[in-house]
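What follows is each chain in one-letter form.
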There are 2 protein chains.
Amino acid sequence: VKHPAPLSEDALIETFFAPLAGEGGLRLRDDAALLRPPPGCEIVLTKDLLVAGVHFFNDDSPAAIARKALRVNLSDLAAKAAEPLGFLLGLALPAEWTAEWLKSFAAGLGEDAANYHCPLLGGDTVRTPGPLTISITAVGAVEAHKMVPRDGVKAGDRIYVTGTIGDAALGLKLRLGASADQDWIGALSEADARFLQGRYLLPQPRLVLRDALKAFANAAMDVSDGLAGDLGKMLRLAGMSATIEVADIPLSGAARRALKAAPRLIEAICAGGDDYELLCAVSPAKAASFEAAAAATGIGVSRLGAASAGEGAPAFVDAGGEAIHFARTSFQHF
Amino acid sequence: VKHPAPLSEDALIETFFAPLAGEGGLRLRDDAALLRPPPGCEIVLTKDLLVAGVHFFNDDSPAAIARKALRVNLSDLAAKAAEPLGFLLGLALPAEWTAEWLKSFAAGLGEDAANYHCPLLGGDTVRTPGPLTISITAVGAVEAHKMVPRDGVKAGDRIYVTGTIGDAALGLKLRLGASADQDWIGALSEADARFLQGRYLLPQPRLVLRDALKAFANAAMDVSDGLAGDLGKMLRLAGMSATIEVADIPLSGAARRALKAAPRLIEAICAGGDDYELLCAVSPAKAASFEAAAAATGIGVSRLGAASAGEGAPAFVDAGGEAIHFARTSFQHF
């Protein structure tokens, strides 16, 4: 249903987005947003672009699209141990936008903005002859000198990952539907399939791990492009490598059942994108404290071996110590 | 020339954008940027999206596209009397991107980032099946409680505008080329035509007016969608209106010559977009001080009448006091 008379940009902002604005958003009536940083804090900024047909499906529900766009940014803040302060929304809308679509989009966005205490601060809405494109800049705060960097891994650090890995990559395969590669679907229950697709559709930013990361982690990043590639990035920045036993990679029940039916899925699990779990590195002396602090949040963390000085991508090995080779280690944006 | 083997996202960032990174950009190797706000300052954030074919021409030089994308954001910071701290760049690249194009884009961006002391802090690069889309979030700082709001106009305030109005709208008409509406082109010299097109291509953010605005202005905004519409927005927020004599609107020599040849161009001049001049409102008691402070910066400011309590869009009148009606008062994004 096309809206009979599309709203002007101002009316669109007033109708759909002004109700989501936080105090610093100045009711979305100014050129800019105003933030008063919490005393003693530094500002952490992150920005992710999502393009219809590349990062989500055009026919995903508008609420899910909005929530994913915000959550992938919150996941970056979580990896830095930053507390969300708010976000700016850039929205390039194709000509066929409808008021109904935008209403649902804004409702989903508003729900997550409230849940994550991350209000809308401002942004820009334009038209595009191309696909729907969403650009969110999330702003967070962290006590001075407490941001957890990506490049801080030290030799001997325990490597941890939150939650379970590979669900979203399998969920994407299910969503893409029929192909020669689908013989494992029969091994899944309907609940399994729903779970995996849900993990692709709606990331869970691990913000509750903030205090544990801040207190105990030497380095952290979120896993957005695939565990193998992202772990490689984090280690490489510090001149480190690692050997990972694939049996140590935390899997959901659904992913276990899929992998049992089709062992080749280990590559999709290790190298597929959209996990939005956190990777971090913790000194051995702090490992027990980190594990206890993480356990208290209710988010599982799993040990994936240890960092050691050295060149080269992390090795993934099976129970017999045999190396497993991946054709690609991460989602390629180009 | 298509690059024979397109770079990965990481290589692209390392090659073209890491050299532009400021200290807070962490060499663009982290998930996020880190800003230490200047003591006693608040953070001002603004975000503008630019889409090829909507906000710039696909065949504009890559350096000019980059500079415009940054400058329209700097113009918003200027209107708030904020000092730039840095920016995040979101870039959605169509498949046909070339290393040559990106090199020029990054060179233009780097030149402006250096000139305006606004380093790159981070961002995201993705592919798009649609047109090139650029999303910049600019971050600035302003002393606490000193941001100049849009909604602060008071009855009696003098209204000022910087520079000259309408050049960019005429430059866009020239750029669009042959149409029935081009009889005035013969009245322009080649230098006039170049000047007007340059004003469309490359805005001049009026950051040097920062101290004058901060000290003397009750309200300010930048003129991006057309003087008539934008002035209307600023006044309406405060329950104000105004009567503007069109003879008071500051025009360049080139715009004067075009207007003399085709008086109907007054509508394009008053209601066309892309001026990126600043509008502000100043109490009568501070008007002389504001004018002196502005004059010291070398940026001309012109008086456009005064605000008065009342409903309704500002009236634009000719020398005889006759109202001039515009079909549209500003650039419509939808």
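Please read these numbers as outputs of a predicted model, since none were measured by experiment.

The rules behind each value
- Residues numbered from 1 in each chain as written.
- Chains lettered and ligands numbered in written order.
- Predicted model: local features only at pLDDT ≥ 70, side-chain atom pairs only at ≥ 80, totals over all residues.
- Heavy atoms only, no water.
- Helix = DSSP H or I, 4+ residues; strand = E, 2+ residues; numbered from the N terminus.
- Rg over C-alpha atoms; globule rule 2.2 N^0.38 Å.
- Buried < 20%, exposed > 50% of the residue type's maximum accessible area, 1.4 Å probe, protein only.
- Contact = heavy atoms within 4.5 Å.
- Pairing = 2+ DSSP bridges.
- Axes fitted to C-alpha atoms, helices over the stretch in contact; angles between N-to-C directions.
- Least-squares fit on C-alpha atoms with pLDDT ≥ 70 in both.
- Parallel < 35°, antiparallel > 145°, perpendicular 65-115°, else oblique.
- Left-handed = near helix turned anticlockwise from the far one by under 90°.
- Nonpolar A, V, L, I, M, F, W, Y, C, P; charged D, E, K, R; others polar.
- pLDDT = per-residue confidence, 0-100.
- Buried area = accessible area lost by both parts, 1.4 Å probe.
- Salt bridge = Lys/Arg side-chain N within 4 Å of Asp/Glu carboxyl O.
- Phe/Tyr/Trp six-rings, centres within 6.5 Å; stacked < 30°, edge-to-face > 60°.
- Lys NZ or Arg CZ within 6 Å of the ring centre and 35° of its normal.
- Disulfide = S-S within 2.5 Å.

Considering the overall build of chain A
And step 1. Counting its secondary structure elements, chain A contains ten helices and eleven strands.
And step 2. Here the C-alpha radius of gyration of chain A, 21 Å, is about what a compact globule of 334 residues would show, namely 20 Å.
And step 3. Overall, chain A is about 65 × 55 × 35 Å in size when its C-alpha atoms are taken along their principal axes.
And step 4. Residues classed as buried in chain A amount to 60% of the 334 residues present.
And step 5. Looking at chain A alone, contacts between residues at least 24 apart form 87% of all its contacts between residues at least 6 apart.

Side note on the sheet that holds strand 7 (residues 217-223) of chain A
Residue and element names in this part refer to chain A.
And step 1. Sheet architecture is open: six strands sit in the order 7-9-6-10-8-11, paired in mixed fashion. At either margin of the open sheet sits one strand with a lone partner, and together these are strand 7 and strand 11 (315-317). Mean inter-strand twist for the sheet, computed between neighbouring axes without regard to direction, equals 25 degrees.
And step 2. The pairing of strand 8 (residues 240-245) with strand 11 spans three bridges and is parallel. Bridging from a neighbouring strand, Glu245 pairs with Val317 of strand 11.

So, the sheet that holds strand 3 (residues 83-93) of chain B
And step 1. As summarised here, the arrangement of the five strands in space is 1(A)-2(B)-5(B)-3(B)-4(B), forming an open sheet in which the pairing is mixed. Taken across any chain shown, the strands that pair with only one partner, and hence form the sheet edges, are strand 1 (33-35) of chain A together with strand 4 (120-127) of chain B. Here the strands of the sheet are splayed against their neighbours by 20 degrees on average, with no regard to which way each runs.
And step 2. As judged from the seven bridges shared by strand 3 of chain B and strand 4 of chain B, these two strands associate in the parallel manner. Directly across from Leu91 of chain B, in strand 4 of chain B, lies its bridge partner Thr125 of chain B.
And step 3. This element, helix 1 (residues 9-17) of chain B, spans strand 3 and strand 4 of chain B of the sheet and lies at about 140 degrees to strand 4 of chain B.
And step 4. Relative to strand 2 (residues 41-51) of chain B, helix 2 (residues 62-79) of chain B is tilted by about 140 degrees, and along the sheet it contacts strand 2, strand 3 and strand 5 (133-143) of chain B.

With respect to the relation of the copies chain A and chain B
And step 1. Each copy superposes on the other: chain A lies on chain B with an RMSD of 0.0 Å after a rotation of 180 degrees and an axial shift of 0.0 Å. Expressed as an axis order, the relation between the two copies is that of a two-fold axis. Among all residues of chain A, the one whose C-alpha sits closest to the rotation axis is Gly130 of chain A, at a distance of 2.1 Å.
And step 2. Comparing contact sets, 100% of the residues at the interface of chain A also lie at the interface in chain B, consistent with an isologous, same-surface contact.

Points about the packing of helix 1 of chain B against helix 3 (residues 99-115) of chain B
Residue and element names in this part refer to chain B.
And step 1. One can describe the packing of helix 1 onto helix 3 by two numbers: an axis separation of 9 Å at closest approach and a directional angle of 45 degrees. In terms of their interaxial angle, helix 1 and helix 3 are classed as oblique. Here helix 1 and helix 3 pass one another in a crossing that is right-handed. Along the contact surface, helix 1 presents Leu12, Phe16 and Phe17, while helix 3 presents Ala99, Leu102, Lys103, Phe105, Ala106 and Leu109.
And step 2. Split by residue class, the contact of helix 1 with helix 3 holds eight nonpolar, no polar and one charged.

Considering the confidence of the model for chain A
Reading fine detail from the predicted coordinates is not recommended where pLDDT is low.
And step 1. Averaged over chain A, the pLDDT score is 93; the fraction of residues at 70 or greater is 96%.
And step 2. Both confidence scores are given for the complex: pTM 0.94, ipTM 0.93.

A short note on the interface of chain A and chain B
And step 1. Facing 65 residues of chain A, the contacting portion of chain B comprises 65 residues.
And step 2. With both sides pooled, the region where chain A packs onto chain B buries about 5200 Å², and carbon together with sulfur makes up 61% of that total.
And step 3. There are ten salt bridges connecting chain A and chain B.
And step 4. The partner of Lys233 of chain A in a salt bridge is Asp10 of chain B, with the nearest N and O atoms 3.3 Å apart.
And step 5. Tallying contributions element by element places strand 2 (residues 41-51) of chain A first for the side of chain A that touches chain B, with ten residues.
And step 6. Of the residues assigned to the side of chain A that touches chain B, the class counts are 36 nonpolar, 13 polar and 16 charged.
And step 7. Two strands pair when backbone bridges link them, and strand 1 of chain A and strand 2 of chain B are joined in this way by three bridges, in the antiparallel orientation. Of the residues in strand 2 of chain B, the one forming a bridge with Leu35 of chain A is Ile43 of chain B.

Description of the pairing of strand 2 of chain B
And step 1. Across the eleven residues of strand 2 of chain B, eleven count as buried, placing the element largely inside the fold.
And step 2. The side-chain alternation of strand 2 of chain B yields two buried faces, one formed by Cys41, Ile43, Leu45, Lys47, Leu49 and Val51 of chain B and the other by Glu42, Val44, Thr46, Asp48 and Leu50 of chain B.

Section: the packing of aromatic side chains
And step 1. Counted by the stated rule, this structure contains ten aromatic pairs over all chains.
And step 2. Ring centres 6.4 Å apart and planes at 90 degrees place the aromatic pair Phe17 of chain B and Phe105 of chain B in the edge-to-face group. Separated by 88 residues along the polypeptide, Phe17 of chain B in helix 1 and Phe105 of chain B in helix 3 bring together distant segments of the chain.
And step 3. Residue Phe105 of chain B is classed as buried on the basis of its relative accessible area, which comes to 0%.
And step 4. By the ring-pair criterion, three or more aromatic residues cluster together here, those being Phe17, Trp101 and Phe105 of chain A.
And step 5. Here the basic side chain of Arg175 of chain A rests over the ring of Phe57 of chain A, its NZ or CZ set 4.1 Å away from the ring centre.
And step 6. The cationic tip of Lys68 of chain B hangs over the ring face of Tyr200 of chain B; the distance from NZ or CZ to the ring centre is 3.9 Å.

Examining helix 7 (residues 227-237) of chain B
All names here are of chain B.
And step 1. Counting buried positions along helix 7 yields nine of eleven residues, so the element is predominantly enclosed.
And step 2. Within helix 7, burial applies to Leu227, Ala228, Gly229, Asp230, Leu231, Gly232, Lys233, Met234 and Leu235.
And step 3. Among the residues trailing helix 7, Gly239 stands out with phi positive, at a value near 70 degrees.

Considerations on the pattern of salt bridges
And step 1. Tallied over the entire structure, the rule returns 50 salt bridges over all chains.
And step 2. The shortest N-O distance in the salt bridge between Glu23 of chain B and Arg36 of chain B comes to 3.7 Å. Placement of Glu23 of chain B in the loop between helix 1 and strand 1 (33-35) and of Arg36 of chain B in the loop between strand 1 and strand 2 is noted, with a sequence separation of 13 residues between them.
And step 3. Close ionic contact of Glu190 of chain B with Arg194 of chain B constitutes a salt bridge, the shortest N to O distance being 3.9 Å. In this pair, Glu190 of chain B and Arg194 of chain B both sit in helix 5 (residues 190-201), four residues apart, roughly one turn of the helix. No difference in accessibility class separates Glu190 of chain B from Arg194 of chain B, as the two residues are exposed.
And step 4. Taken together, the shared-partner salt bridges connect Glu83, Glu143, Arg210, Asp211 and Lys214 of chain A into one network.

As for the pairing of strand 5 of chain B
A regular strand places its side chains so that they alternate between the two faces of the sheet.
Residues and elements named next belong to chain B.
And step 1. Most of strand 5 sits inside the fold, with ten of its eleven residues counted as buried.
And step 2. Bridge analysis of strand 2 against strand 5 gives eleven bridges, and the strand direction is antiparallel. Paired with Ile43 across the bridge in strand 5 is Ala141.
And step 3. As judged from the nine bridges shared by strand 3 and strand 5, these two strands associate in the antiparallel manner. Bridging from a neighbouring strand, Gly86 pairs with Val139 of strand 5.

Comments concerning the state of the cysteines
Residue and element names in this part refer to chain A.
And step 1. Tallied over the full model, the rule gives zero disulfides over all chains.
And step 2. Of all cysteine sulfurs in the structure, the one in Cys41 sits closest to Cys118, which takes part in no disulfide; the separation is 15 Å.
And step 3. There is no disulfide at Cys280, and the cysteine sulfur nearest it, in Cys270, is 18 Å away.

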